[in-house]
Amino acid sequence: MGKELAAVIGVGQTAHRSSRKDVSMAGLVREAALEALVDANMTWKDIDAVVIGKAPDMFEGIAMPELYLADALGAVGKPMMRVHTAGSVGGSTAIVATKLVTSGVHKRVLTVSYEKQSESNATWGLSVPMPFSAPLVAGAGGFFAPLIRSYMHRSGAPRHIGHLVAVKDRLAALRNPKAHLHIPDIDLKMVEESFMLWDPIRYLDTCPSSDGAMALVIGAEDVADRSDSPKAWIHAMAMRSEPTMFAKRDQVNPLAGRACAKELYGQAGITDPRKDFDCAEVYVPFSWFEPMWLENLGFCAEGEGWKLTEAGATAPSGDIPWNPSGGVLSSNPIGASGMVRFGEVAQQVRGRAGDFQVELKTGRALGHAYGGGSQFFSMWVVGNRKPGA
Amino acid sequence: MANSFIAEHSLEYPGGYQRSVGPVLGRFMTALREGKILAVKGVDGRKIVPPQEYDPVTSDAIGSKAEDFVEVGPAGRVVSWSWVNEPRIGKHPLSVPFAFALIRLDGADTTMLHAVDCGTPEGIATGTRVAPRWRTDRVGKITDIECFTVMADGEQPVLAPARTNLPGDDTEEGDVTGMNSQFRLDYRVPAGASTRRYLNGLGEGKIIGGRAPSSTEVYAASRGTDPKTGEPTSIEVEIADTGCVTTFCIVNIPGLSELAPEIPYVSAQILLDGADNMMFGLIRGCAVEDVHMGMRVKAKWADELAPSHNSILYYEPTGEPDAPYEHYKDNL
């Protein structure tokens, strides 16, 4: 953390849909940004700087979108920058924006992330061949499915665990009007009977491809103290990365994720995440990543994650709800998805999560994003009281 | 003959991006299809063309109502320009030498970039009067104006000619809401030292890797550095073309790549004998149900070897006993 405290004082989010043909890319980010400004009782003039993030440029074929989006985001005459860390970018963008405040450089920073995946095809955008390299020939899911097989083998988890997550997150999404997928009759049978795409991943074990944007207004302590808007105080932030491949790399339980969580929990004084958090929003694009990340994030011992899932501990009614918003499995505008996680936990501690509000006991929650080949991690802890208070 | 060590690498979304343009640009583009150029009025009343969705000074949304738009031009004056002496066919708007010019259309307060067909650089200057040369097959894109041309003194701009691609009587032609955006980036990527070493090996039916002097870990293929230390993998090591499947998935989706075999097929991570990093490969030569973790496999080489990854077609089972779990458990 830096020398100053910071808080989320405005949150804005578009509804996530398979296609937003009614707006341009600028129109999409604008919707989220404007909602966040209104939430923060601010106008464009109040903002000192703008930080945007999105995933690979090949998704929409716009290089340097920050130039094109400056006027839509009120950034004319202000510092503006773009952050890029693959699928974790929504999280790292929020962290960069927050550090502009905790460092004392700015008082009010608007941060926005987005994806308009309907303009191309996400599977294509994620598997553009590289020169001289043998292509994977299996698509994005074909990269992650073998890791899931490794997890199942190592942990001895039964095959239905992933399907439980697929059902749980889609049921949660029914309470979230902004979620992309609303499948009222979702059940285990429907997931089990859905098409086997990349054995062991079935169709309903995967996330959708969405158009959507997320925006946050980050304010310095004095700005937040004067604001009538509810606050999500930022207690800790961390980012870690590692190469896609190296000798004896633990691909199931990556070192960078463990190190990131350790750093984060150290900053926030978290000793037992399952008890210390009221909920978590964690980047789970394939259902099996819930038990895998439960272990990576220290919510249980290695090999035990699937037991938490199976026991219902991560359901909205469980002792540690994971993804009460419906998560990435219900909405995935890739570049925004990490910031959606960060923003949804901010809404929880602000008491603004509507029909999927969890009960606040500790008043603290974990936001998480990952990207690339499970190699970029960004995380934050937010709380409804100032750190240490 | 193609150089094996320089890749002709292209980035192009097949068929082009399907872009939605929003209501403000949609109105501008619909007007282009009708042979008219619209400006949008900014917060201060300035007439901005091409229109923008948000005011460039205040960032307020503009152009929400029909009366916020005014027709400008079609003629205008060149404000600044640069000369393109060697146009790139298919990339530049014209195939003859031309000027890119910033043009202030009559009635507009901003300039618009477009091409001017004026033969030689002597044919254009700041202040030159120009008018659009419209296409007849207009679709609602900025290229509906093929280019601008220089006007003689006192000449009046001609109206856009009638469209030749009008929809049939039974077809309702709605406003323009999107566009297809096609582009392609062509790169020539030279192989570095470690990639050359690896490719040369493939051409001889060998898998070459390297290791850094400070490490015992061997990286197969074109790893130029040890990913743990960043030290160059300067010591060349030949690796066996046999190994074991560590983990895998069975792909049931057709058409993921031009190189994909018929579904179902197995995409695996393979730990080659003598290497410490994982390689991706397809497993063939047995039923997909028979592929399992620890299965011993060998590279199937192409009949004609070349310094290319295509020299290894896939991996197939050797029939040897499985590798023990201890052998590969730290690589999962």
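Residues numbered from 1 in each chain as written. Chains lettered and ligands numbered in written order. Predicted model: local features only at pLDDT ≥ 70, side-chain atom pairs only at ≥ 80, totals over all residues. Heavy atoms only, no water.

Peer 1: An account of the overall build of chain B is requested, with residue identities and associated values reported.
Peer 2: Counting its regular elements, chain B contains three helices and 20 strands. Over its C-alpha trace chain B gives a radius of gyration of 30 Å, far above what one expects of a compact globule, namely 20 Å for 332 residues. Once the C-alpha set of chain B is aligned to its principal axes, its extents read approximately 90 × 50 × 40 Å. Counting all 332 residues of chain B, 44% fall into the buried class. Element-wise, carbon and sulfur atoms account for 50% of the exposed surface of chain B, whose accessible area totals about 16600 Å². Computing the positive centroid from 31 side-chain charges and the negative centroid from 46, chain B places the two 5 Å apart. (Helix = DSSP H or I, 4+ residues; strand = E, 2+ residues; numbered from the N terminus. Rg over C-alpha atoms; globule rule 2.2 N^0.38 Å. Buried < 20%, exposed > 50% of the residue type's maximum accessible area, 1.4 Å probe, protein only. Areas by Shrake-Rupley, 256 points an atom, 1.4 Å probe, with all protein chains shown as cover. Lys, Arg positive; Asp, Glu negative; His and termini not counted. Charge placed at Lys NZ, Arg CZ, Asp CG, Glu CD.)

Peer 1: For the sheet that holds strand β5 (residues 69-72) of chain B, give the residues involved together with the corresponding values.
Peer 2: All names here are of chain B. Pairing in this open sheet of three strands is antiparallel, and the strands run β4-β3-β5 from one edge to the other. Of all the strands in the sheet, the pair left with one neighbour each is β4 (47-48) and β5. As judged from the two bridges shared by strand β3 (residues 37-41) and β4, these two strands associate in the antiparallel manner. Bridge pairing in β4 links Val40 to Ile48. Contacts from helix α1 (residues 22-33) reach β3 and β5 within the one sheet, and its direction differs from that of β3 by about 155°. (Pairing = 2+ DSSP bridges. Contact = heavy atoms within 4.5 Å. Axes fitted to C-alpha atoms, helices over the stretch in contact; angles between N-to-C directions.)

Peer 1: Describe empty space enclosed by the protein, and please don't skip the residues or the numbers.
Peer 2: Residues and elements named next belong to chain A. Enumeration over the complete set of coordinates arrives at one cavity of 30 Å³ or more. By volume, the largest cavity is sized at about 40 Å³. A per-element tally of the lining of the largest cavity places helix α13 (residues 334-350) first, with three residues. Split into classes, the residues belonging to the lining of the largest cavity amount to one nonpolar, seven polar and two charged. (1 Å grid on protein atoms, 1.4 Å probe; cavity = no way out; pocket = protein on both sides within 12 Å on 5 of 7 lines; lining within 4 Å. Points joined across faces, edges and corners; volume = space filled by probe spheres on them. Nonpolar A, V, L, I, M, F, W, Y, C, P; charged D, E, K, R; others polar.)

Peer 1: Give a description of the pattern of salt bridges that names residues and reports values.
Peer 2: For the structure shown, the criterion picks out 44 salt bridges over all chains. The salt bridge involving Lys329 of chain B is made with Asp330 of chain B; its shortest N-O contact spans 3.3 Å. What makes Lys329 of chain B partly exposed here is its relative accessible area of 28%. On the accessibility criterion, Asp330 of chain B (37% relative accessible area) is partly exposed. Taken together, the shared-partner salt bridges in this structure form one network comprising Arg20, Asp22 and Glu31 of chain A. (Salt bridge = Lys/Arg side-chain N within 4 Å of Asp/Glu carboxyl O.)

Peer 1: Account for a nonpolar patch on the surface, with residues named and values stated.
Peer 2: All names here are of chain B. On the surface, a nonpolar cluster with roughly 230 Å² of combined accessible area is contributed by Val79, Leu102 and Leu113. Considering the arrangement of structural elements, one finds Leu102 in strand β7 (residues 98-105). Exposure remark for Leu102: the relative accessible area of 34% places this residue in the partly exposed category. (Patch = residues over 30% accessible without salt bridge, like charges linked within 9 Å, V, L, I, M, F, W, Y side chains within 5 Å.)

Peer 1: For the domain arrangement of chain B, give the residues involved together with the corresponding values.
Peer 2: For chain B, the domain assignment lists domain 1 (17-168 + 177-181) and domain 2 (189-331). Spacing between the C-alpha centres of domain 1 of chain B and domain 2 of chain B amounts to 54 Å. (Domains from an automatic or database assignment.)

Peer 1: Please set out the packing of aromatic side chains residue by residue, giving values where relevant.
Peer 2: Following the criterion strictly, the structure yields 21 aromatic pairs over all chains and no others. Aromatic pair Phe289 of chain A and Tyr370 of chain A: ring centres 5.4 Å apart, planes at 15°, arrangement stacked. Residue Phe289 of chain A is located in helix α11 (residues 289-296), and its partner Tyr370 of chain A is located in strand β10 (residues 364-371); the two are separated by 81 residues in the primary sequence. Take Phe289 of chain A and Tyr370 of chain A: they sit in the same class, and that class is buried. Measuring from centroid to centroid gives 5.6 Å for Tyr17 of chain B and Phe183 of chain B, while their planes differ by 20°, and the two rings are stacked. (Phe/Tyr/Trp six-rings, centres within 6.5 Å; stacked < 30°, edge-to-face > 60°.)

Peer 1: An account of the confidence of the model for chain B is needed here, citing residue identities and associated values.
Peer 2: On average, residues of chain B carry a pLDDT of 93, and 99% of them reach 70 or more. With a pTM of 0.95, the predicted complex shows an ipTM of 0.92. (pLDDT = per-residue confidence, 0-100.)

Peer 1: Please set out the interface of chain A and chain B residue by residue, giving values where relevant.
Peer 2: Contacts between the two partners involve 64 residues from chain A, matched on the other side by 61 residues from chain B. Contact with chain B buries surface across chain A, with Phe132, Val137 and Met245 of chain A losing the most and accounting together for 17% of the total. One can count one salt bridge joining chain A with chain B. Between Glu119 of chain A and Arg19 of chain B there is a salt bridge whose closest N-O contact spans 2.4 Å. Taken together, the links from chain A to chain B amount to 26 residue pairs in polar contact (both at pLDDT 80 or more). For the side of chain A that touches chain B, the leading source of residues is helix α5 (residues 139-155) of chain A, giving ten residues. (Buried area = accessible area lost by both parts, 1.4 Å probe. Polar contact = N/O pair within 3.5 Å; in protein donor to acceptor, adjacent residues only side chain to side chain.)

Peer 1: Account for the layout of surface pockets, with residues named and values stated.
Peer 2: Residue and element names in this part refer to chain B. Within this model, the second largest pocket holds a volume of roughly 1600 Å³. Lining the second largest pocket are 37 residues, with Lys141, Ile142, Thr143, Met179 and Ser181 positioned closest to its centre. Looking at the lining of the second largest pocket, the elements with two or more residues in it are β2 (17-20), α1, β8 (112-117), β10 (145-150) and β11 (178-181). When grouped by side-chain class, the residues that make up the lining of the second largest pocket number 19 nonpolar, ten polar and eight charged.

Peer 1: Give a description of the sheet that holds strand β6 (residues 76-84) of chain B that names residues and reports values.
Peer 2: As summarised here, the arrangement of the five strands in space is β6-β7-β8-β10-β9 (chain B), forming a closed barrel in which the pairing is mixed. Mean inter-strand twist for the sheet, computed between neighbouring axes without regard to direction, equals 50°.

Peer 1: Residues and numbers for the nonpolar core, please.
Peer 2: All names here are of chain A. The biggest cluster of nonpolar side chains holds 65 residues, and the ones touching the most others in it are Val8, Leu110, Leu216, Val217, Ile218 and Trp380. When residues in this core are grouped by element, the largest group, eight residues, is from helix α1 (residues 25-39). Counting residues in each nonpolar core, the second largest holds 62 residues, with Trp198, Ile201, Ala236 and Ala268 among its members. (Core = buried A, V, L, I, M, F, W, Y, C linked by side-chain atoms within 4.5 Å.)

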